[in-house]
Amino acid sequence: MSKTLRIALIALVIGNTAILMSWYGLDGGGRSNPAGLIAAAIGSLPLLILLPGLARRRRRTAQWGCMLIVFYIGFAIMEVMANEAARVFASVLLISSGLLLGALVIAVRRWQS
């Protein structure tokens, strides 16, 4: 179970990063947007910092990851309500971030200090 949880956490972090990169990395016509890619990379950096600690099953990383992911959930909720053009990407980010939060809470409860 622990190995499955760790793989799921890493996959969700990478998935959230991919969602942000595809959302901001493409303009309306499907062409790449270099400025958007840079913004998405900067926005994804806090998520990517989680990866080494999650790979090592560090409980403290899961704890501060729970606090971190709340900002991504808030951002996604704001975009779903305010930005009609980005509603699909924001909804996918919201669902993925919610799943990541749930998995992080499970990790905090199961992993030892």
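Residues numbered from 1 in each chain as written. Predicted model: local features only at pLDDT ≥ 70, side-chain atom pairs only at ≥ 80, totals over all residues. Heavy atoms only, no water.

A. Summary view of the side chain of E79. On the secondary structure map, E79 appears in helix α3 (residues 59-82). Although E79 lies buried, it forms no salt bridge, and the closest oppositely charged side chain, R87, sits 9.0 Å away as judged by the N-O distance. Non-local contacts of E79, meaning those with residues more than four positions away in its chain, are made with W23, A86 and A90. (Helix = DSSP H or I, 4+ residues; strand = E, 2+ residues; numbered from the N terminus. Buried < 20%, exposed > 50% of the residue type's maximum accessible area, 1.4 Å probe, protein only. Lys, Arg positive; Asp, Glu negative; His and termini not counted. Salt bridge = Lys/Arg side-chain N within 4 Å of Asp/Glu carboxyl O. Contact = heavy atoms within 4.5 Å.)

B. Region of the structure containing the packing of aromatic side chains. Enumeration according to the criterion identifies three aromatic pairs in this entry. Judged by centre distance (5.0 Å) and plane angle (20°), the rings of W23 and Y24 are stacked. Residue classification places Y24 among the partly exposed positions, given a relative accessible area of 30%. With 6.3 Å between their ring centres and 5° between their planes, W23 and F89 make a pair best called stacked. Pair noted here: W23 is in helix α1 (residues 2-25) and F89 is in helix α4 (residues 87-110), with a separation of 66 residues, a long-range link. Accessibility expressed as a relative area gives 34% for F89, which makes it partly exposed. Ring pairing ties together the aromatic residues W23, Y24, F75 and F89, which thus form one cluster. (Phe/Tyr/Trp six-rings, centres within 6.5 Å; stacked < 30°, edge-to-face > 60°.)

C. Spatial organisation of the nonpolar core. Formed by 26 residues in total, the largest nonpolar core has its most connected members in L9, L47, L54, L100, L104 and W111. Apart from residues no more than four positions distant in its own chain, L54 is found in contact with R6, L9, V13, T61, A62, L104 and W111. (Core = buried A, V, L, I, M, F, W, Y, C linked by side-chain atoms within 4.5 Å.)

D. Representation of α1 in the model. Taking 1.5 Å per residue as the helical rise, α1 with its 24 residues ought to reach 34 Å, and the 34 Å between its terminal C-alpha atoms agrees with that figure. Every buried residue of α1 is listed here: L5, L9, L12, V13, N16, T17, I19, L20, W23 and G25. (Expected span 1.5 Å × (residues − 1).)

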